[in-house]
Structure formats: C-alpha cells, structure tokens
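Chain residues, written in single-letter form:
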Amino acid sequence: MVGLGQVFLLWLRENLFFSWRNGVLSVVVGGFLLWIIFLLGDWFFLSATWSGGIEDCRMRQDGACWPFVRVRFSQFVYGFYPSVERWRVNVVMFVFFTGIALLVWERTPWRGKIVLFMLCVFPLASWFLMRGGFFGLADVSTGRWGGFMLTLVLASVGIVTSLPFGILLALGRRAESLPFVKAFCVVFIEFWRGVPVITVLFATAFMLPLFMPASVNFDQLLRAMVGFILFSSAYMAEVVRGGLEGLQRGQYEASDALGMTYWQSRIRVILPQALKIMIPGILLTFIGLFKDTTLVLIIGLLDFLGMIQAGISDPRWGAPNVPFTGYAFAAVVYFCFCYSMSLYARHIEKKFSAGRDRRH
Amino acid sequence: MVTGKGEKIIEINNLQKSFGTFVALRGVSLNVRKGERIVICGPSGSGKSTLIRCINRLEVPDSGSIVVDGVALSDDVKAIEGIRRQVGMVFQQFNLFPHLTVLENCTLAQIWVAKRSQKAAEETAQHYLERVHIPEQMHKYPGQLSGGQQQRVAIARALCMEPKVMLYDEPTSALDPEMIAEVLDVMVEFAESGMTTVCVTHEMGFARKVADCMIFMDEGKIVEASDPNTFFTKPKSERTKLFLNQILEH
Ligand SMILES: Nc1ncnc2c1ncn2[C@@H]1O[C@H](COP(=O)(O)OP(=O)(O)OP(=O)(O)O)[C@@H](O)[C@H]1O
Ligand SMILES: [Mg+2]
C-alpha cells in the first residue's frame, strides 16, 4: 500500500522538483505566493476592523475597515434610490438573477420562453417599475439611480443589444452585393472603434440633445445607454466578423447549394458555428463592457465604483484604510462577476466542442 | 451533345469566366439531357470545377448563358434558389455541417427549403441514409465519421432534396484509397437508377462503368467530348491521349 503522504511526495517530485532549476523556481514562486496570501489574509481578515465605526478603524489602521462597507452598503447597491422605494429594485434584481440562474441551469424547462421573457418583457417591465410615475408608484428619476444597480442596468443593456446589432453589422460588412450597406457598416464600425469610450459618452451625453427638439427631455441615463450601445455594437461586430471569417467557405457553399436563402443559411448554418468560435471574444467584450460602465462617472452618473468613490471622499469617513477597503471591496465584487462570466464561457465552449470535432 | 436520351435539362452556351486576369473558362458549351451521365476530366486548373459550379451559380460567369430545367440563370435570387433546389451538389471536401448530426444534416434543407414536416424529412433522410449504407450513424456528428462515411452522408444530404440533377466535384479526391470504392459504389448505384449526373473525376473505372459521355477539358475549353468507348480507345486529340496515358499509367 502506498500511503497518501507518499503519493503527495511523488506528485511533488514529478511536478515541482523534477530538476534542480525547477525546484528552485518552485520554492521561490511558492514562497512569494504564500507571502502574498499571508499579507492579504492578514489585511482582509486578521487585522481588519469588523465592528464599530470610524473610530475603531482609526485605531487599527493596518487592516481593512469593514464598518465602512457595512454602513455604506445600501448606497453601493442602490445609489440615491429612495429607501422606501428600494423594494422595486429588489424585485427587478431578484427576477434578473433568478432568470440567469434558470438559464445557466441546463435542465430548466421552457428555456426558450424564459429567454424571450428576459429579452423582451423583462427590460421594459423593469424600466417602468424602477422609473415609476404611474399607478401611484412614486417617480424616481434616473438621476437618483446609482451603485451596483446602475452597473447592472448599463452592462446588461449594452450586452443584450450589442450582440444582435454586432451580428447585423458584421453581416453587413461582408455583404459584397450591397455596397451601400457594406460602406455604412464599415464606416460605423471603424468610427466607433477608433474613438475612445469616454469621448463616445461625452458625445452622446452633451451632443445628442443638440440634435433633438428642445421639447424632448432626453434622460441622461438613456444618453449613456445610447453611447454604450453604439460602441459595444461596433466592438461586437468585429468579434463576430472574426467568427464568420473563421468558417470555411465550403459551409457557405454547401448551404447555398442546398437552395437555402441568405437568412436561412446564416441562422441555421453559419451563425451557430461562428458563435462557437466567437464565444471567448464575446465574453471578453461582455467583461470589458461590465467594467467600462464605470466610465459613466464622467457624465455625472455614479455606478458601483462611482458610489464607492463618493463614499471614500466623505470626510466623516476619513481614515487611511478606508479608501483601500473601498477599492478592495470593488475589486472583489468585480472579480467575482467577471470571473464567473469567464468560467461560464469556458463551460459553454467545452460543451459546444464535446462530441463534435472528436473522433473515437 | 452526344447520345440523346430525353429533353435537355442543362443548356450551357459559350460560357466565359475569368478570375482577375486569369481566364478559367473560354467559351464552353454543353448540353445535358435528362438521365444522361456525364463525366468531366482534365488536368488541374483546366476549369472543371468552375464549369460545374456555374451550373448552380456558386460561380457567376462573365458571359454566356445557362438554362437549367427551363429557367435561365440570372441575378434573380429567387430563380437561383429554385434551381439550386433542383440541383444537388457533392463537394470534394464533403462540407457537411459539423454542428449538426448526420440526420440533421439531411433534414435541414428539407425542412427549411422544401418545407417538409420534421417527420417526413426524417423519413426521407432515413431512406437515403440506408441507401448509402450508413443508417446506424444517424445520430453521430460528422466529425465522428470516416471520410468515406462523410462523403456518403453528403451524397444522401443532396439526394434528400430529390434533385433532378446531381453534380459531383471530385468526390473521391480527398479520400484515402481504401474509402474510394465505398463512395464510388454508392455513386454508381444512383447513376444507374437514372439520375442525371455531371461528375468531375479522375476515376476512370467509374467513368467506364456509368458515363454516357466523356468530356476532356484543358485550359478552359472542352477539348474532346465523346462516348466512353471512343474516348478511351481512339481519342481524337493528342492532348487527350497524353492525359489518358498519364492517368491510366498509375
Ligand atoms: N475563386 C478563385 N479566385 C481566383 N482564381 C480561381 C478561383 N477559383 C478558381 N481559380 C483559378 O481558376 C482555374 C480553374 O480552376 P478550377 O477549380 O475550375 O480548376 P479544376 O479543373 O477544377 O482543377 P482541379 O483539378 O485542381 O480541381 C485555376 O487555375 C484556379 O487557380
Ligand atoms: Mg476542381
């Protein structure tokens, strides 16, 4: 019988110490990692202040100041949304996360219907619910939206709309037989891709109203959304184009030769395959978008990170460890969301390739 | 062109096609009658693929006319789609849809193009998959099949649309030698059942067995067109002789 300890030693020798150079590297890198973990663990947990208020944080400055996050938490999530009305946001978030959970879980029945609901009914319904101003629901102007809820709103609108627009733009860019459509798509894509995101947001925030009749009161948040949709569609279009170009010409020819129409061939043959190639790129774009929402800061909207920053600059919470705590908290939350997206992407990728390209 | 069987189903008249400055077809004319089996051969780059790809308009000719089943090919997309329904094509590289199972490959166009019900489509697919001898692989993906099996699925996929004409572009050139026979056998079977067939191939055994008419192309032209007997025993052109010698030597 080989004991567990022996197996472990064997594993160590085979993987970490199979040559002396390798061994030195393992020790150095391993030591460094342990040191970092220890420092972080100490700062996050051991030396952190867990209860009390700012006075307690000032007394223990070599650790995180969690009371800051606890006291400010509801602002981080809801922004300046009035507290009595927050149940509306809760309902929307509950439906949002339940919907996503149902869709991620592969054995959910009626997935198609759930997708339709989440894409068509849910966005409008939640907009009206959170905006209010009818049926006795108090009017909450989007200027008071903020925090994590704003991040979610912006990111999901950008994500959900950029994919279909991106697909259309990418197909248009390849439409050799429609030169005007092609030219429009090329100019659109290259323009928005060539302009920094901040400029896009500035442009839509301050220039869009100039093109609108004065009577139209165009919401600041809507303007930001337009900006997001414009540039994220352009980015997505390039990702989709990569997927389309990754396909062999034979796939187009085979579907043409069977008499399929342009859209039949795109929907049944080309896009399902291109989508698979595109998944990593799409997810990268999604993750980027999720983080880019933070830029609405410059047009006066405070998303999750914006709210944290606002909290940090509050003089009542003046302590050296407060900013670190705020940013660390933001980093952890962003990381959790982005990392789960990337895990899910990898899962999908594996699922798509299983059983197809493999021969046995 | 040669032995007249039925009415003309494909009429090609003075077809020209260039790629940039390279002239791939220099005035090709060819008639195919119902039930006729035509085998086209010729050296690489002689325009064989270009010619048969013009028949279902995967390639757009520069000039000349093609009439398929009474419909003249033009830029009219609906007409082209209609003709493609009547004309099945098998490619050298199989071009199966890798994201669909064998069965779905065979039912896709039936359901969306021919508007058949799922059930009817599956029955037709099963029928043709049996005839190409792979009913048991129905639920596998193309990537799990051998090259010969994939090509037979491709043949079944085209036949499921019940086309009036079958086009084959070097269907066995991408196959390992031991798989060629199984594909050729299937092709012979369908050719002998009366399907109008235009086939680009260098498999002379197959040509001898099924061809009503042999066509030799070189440098974008039809150099020789005759019945197989004349073609193989006393070809008129020197170039044909040379080509046949090269091919038949190994
Ligand atoms: N899309 C294209 N663009 C540019 N040149 C092309 C294209 N398709 C074909 N050609 C050229 O046209 C010529 C004829 O091509 P074609 O494929 O018809 O020849 P082929 O007789 O089928 O040859 P092979 O036996 O190699 O398949 C070749 O020289 C080829 O390089
Ligand atoms: Mg060829």
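These figures come from a predicted structure and were not determined experimentally. (Residues numbered from 1 in each chain as written. Chains lettered and ligands numbered in written order. Predicted model: local features only at pLDDT ≥ 70, side-chain atom pairs only at ≥ 80, totals over all residues. Heavy atoms only, no water.)

> Sorry if this is basic, but what is going on with the overall build of chain A here?
Each helix and strand counted, chain A has 14 helices and 0 strands in total. Going from N to C terminus, chain A has its helices and strands arranged as α-α-α-α-α-α-α-α-α-α-α-α-α-α. Expressed as lengths along the three principal axes of its C-alpha atoms, the size of chain A is roughly 70 × 70 × 40 Å. A buried classification covers 44% of the 360 residues belonging to chain A. The long-range fraction of contacts in chain A, counting pairs at least 24 apart against all pairs at least 6 apart in sequence, stands at 66%. When the accessible surface of chain A is split by element, carbon and sulfur atoms take 72% of a total near 20000 Å². Each charge class in chain A was averaged separately, 31 positive and 20 negative side chains, and the resulting centres sit 5 Å apart. (Helix = DSSP H or I, 4+ residues; strand = E, 2+ residues; numbered from the N terminus. Buried < 20%, exposed > 50% of the residue type's maximum accessible area, 1.4 Å probe, protein only. Contact = heavy atoms within 4.5 Å. Areas by Shrake-Rupley, 256 points an atom, 1.4 Å probe, with all protein chains shown as cover. Lys, Arg positive; Asp, Glu negative; His and termini not counted. Charge placed at Lys NZ, Arg CZ, Asp CG, Glu CD.)

> Whenever I open this one, the state of the cysteines confuses me. Can you help?
Here, disulfide denotes a covalent bond that connects the sulfur atoms of two cysteines. Residue and element names in this part refer to chain A. Applying the stated criterion across every chain yields a total of 1 disulfide over all chains. Put simply, C57 and C65 are joined by a disulfide, and their sulfur atoms are 2.0 Å apart. Measuring handedness by torsion sign, the sulfur bridge of C57 and C65 sits at about 80 degrees and is right-handed. Taken individually, C57 and C65 each receive the classification buried, so the pair is uniform in this respect. With no disulfide of its own, C338 has C336 as its nearest cysteine by sulfur position, at a separation of 9.5 Å. Accessibility expressed as a relative area gives 10% for C338, which makes it buried. (Disulfide = S-S within 2.5 Å.)

> Even after reading the chapter, I still don't get the site of ligand 1, so can you show me in this structure?
All names here are of chain B. Taken together, F19, F22, A24, P43, S44, G45, S46, G47, K48, S49, T50 and E170 form the complete shell of residues around ligand 1. Taking S44, its side chain carries an N or O atom lying 2.6 Å from an oxygen atom of ligand 1. Within the side chain of S49, a nitrogen or oxygen atom sits 2.5 Å from an oxygen atom of ligand 1. Looking at the shell around ligand 1, the elements with two or more residues in it are β2 (22-33) and α1 (48-55). Top contributing element to the shell around ligand 1 by residue count: α1, with 3 residues. Here the shell around ligand 1 is composed, by residue class, of 4 nonpolar, 6 polar and 2 charged. (Near = heavy atom within 4 Å. Polar contact = N/O pair within 3.5 Å; in protein donor to acceptor, adjacent residues only side chain to side chain. Nonpolar A, V, L, I, M, F, W, Y, C, P; charged D, E, K, R; others polar.)

> I'm lost on the sheet that holds strand β7 (residues 165-169) of chain B in this one. Help?
Consider a sheet: its strands pair through backbone hydrogen bonds, and that pairing is either parallel or antiparallel. All names here are of chain B. In spatial order, the strands read β6-β7-β8-β3-β9-β10; together these 6 strands make up an open sheet with mixed pairing. Edge positions in the sheet fall to β6 (87-90) and β10 (221-226), since each has one partner strand and no second. Within the sheet, the average angular offset between the axes of one strand and its neighbour, ignoring direction, is 15 degrees. By the bridge criterion, 5 bridges tie strand β9 (residues 213-218) to β10 in an arrangement that is antiparallel. Among the inter-strand pairings, D218 is bridged to a residue of β10, identified as K221. (Pairing = 2+ DSSP bridges. Axes fitted to C-alpha atoms, helices over the stretch in contact; angles between N-to-C directions.)

> How do you make sense of the interface of chain B and chain A when you look at a structure like this?
It is common to give the size of an interface as the accessible area that goes away when the parts come together. Facing 28 residues of chain B, the contacting portion of chain A comprises 24 residues. Across the chain B to chain A interface the summed buried area is about 2300 Å²; carbon plus sulfur atoms make up 57%. Linking chain B to chain A there are 1 salt bridge. Across the salt bridge formed by A:E253 and B:R53, the nearest N and O atoms sit 2.8 Å from each other. Where the side of chain B that touches chain A is concerned, the elements lending two or more residues are α2 (77-86), β6 and α3 (102-112) of chain B. Of the residues forming the side of chain B that touches chain A, the biggest block, 4 residues, is contributed by α2(B). Each residue belonging to the side of chain B that touches chain A can be placed in one class, and the counts come to 14 nonpolar, 6 polar and 8 charged. (Buried area = accessible area lost by both parts, 1.4 Å probe. Salt bridge = Lys/Arg side-chain N within 4 Å of Asp/Glu carboxyl O.)

> I would appreciate a short explanation of the packing of aromatic side chains in the present structure.
Each aromatic ring pair is specified by the distance between its two centres and by the angle formed by the two planes. A full pass over the atoms with the stated rule returns 35 aromatic pairs over all chains. Aromatic pair A:F191 and A:W192: ring centres 4.9 Å apart, planes at 80 degrees, arrangement edge-to-face. On the accessibility criterion, A:W192 (14% relative accessible area) is buried. Directly above the ring of B:W112 sits A:R268, whose terminal nitrogen or CZ lies 3.6 Å from the centroid. (Phe/Tyr/Trp six-rings, centres within 6.5 Å; stacked < 30°, edge-to-face > 60°. Lys NZ or Arg CZ within 6 Å of the ring centre and 35° of its normal.)

> What am I meant to see in the pairing of strand β1 (residues 8-19) of chain B here?
Sheet faces and side chains relate simply in a regular strand, where the side chains alternate between the two faces. All names here are of chain B. The sheet contact formed by β1 and β2 spans 9 bridges and is antiparallel. From the neighbouring strand, F19 faces β2, where its bridge partner is F22. Here β1 hands over to β2 after 2 residues, with G20 in that stretch at a positive phi of 60 degrees. Looking at chain direction, β1 and strand β4 (residues 63-68) are connected through 5 bridges and run antiparallel. When the bridges of β4 are listed, N13 appears paired with S65.

> Looking at this structure, I do not really get the pattern of salt bridges. What am I missing?
Close approach of charged atoms lets side chains of opposite charge pair. Residues and elements named next belong to chain A. All chains considered together, the criterion is met by 24 salt bridges over all chains. Its salt-bridge partner being D139, residue R131 comes within 3.1 Å of it at the nearest N-O pair. Ionic pairing is found between E238 and R241, a salt bridge with its closest N-O pair at 3.0 Å. Of this pair, E238 and R241 both sit in helix α10 (residues 220-245), 3 residues apart, roughly one helical turn. E238 sits in the buried class, given a relative accessible area of 15%. For R241, a relative accessible area of 24% gives the class partly exposed.

> Explain the domain arrangement of chain A here, please?
All names here are of chain A. Per the domain assignment, the segments of chain A are domain 1 (28-80 + 302-350), domain 2 (84-135) and domain 3 (148-297). The distance between the C-alpha centroids of domain 2 and domain 3 comes to 23 Å. Taken together, the contacts link 8 residues of domain 2 with 9 residues of domain 3. The junction of domain 2 with domain 3 conceals about 620 Å² of combined surface from both sides, 91% of it contributed by carbon and sulfur atoms. Counting the contacts that link domain 2 with domain 3 gives 0 salt bridges. (Domains from an automatic or database assignment.)

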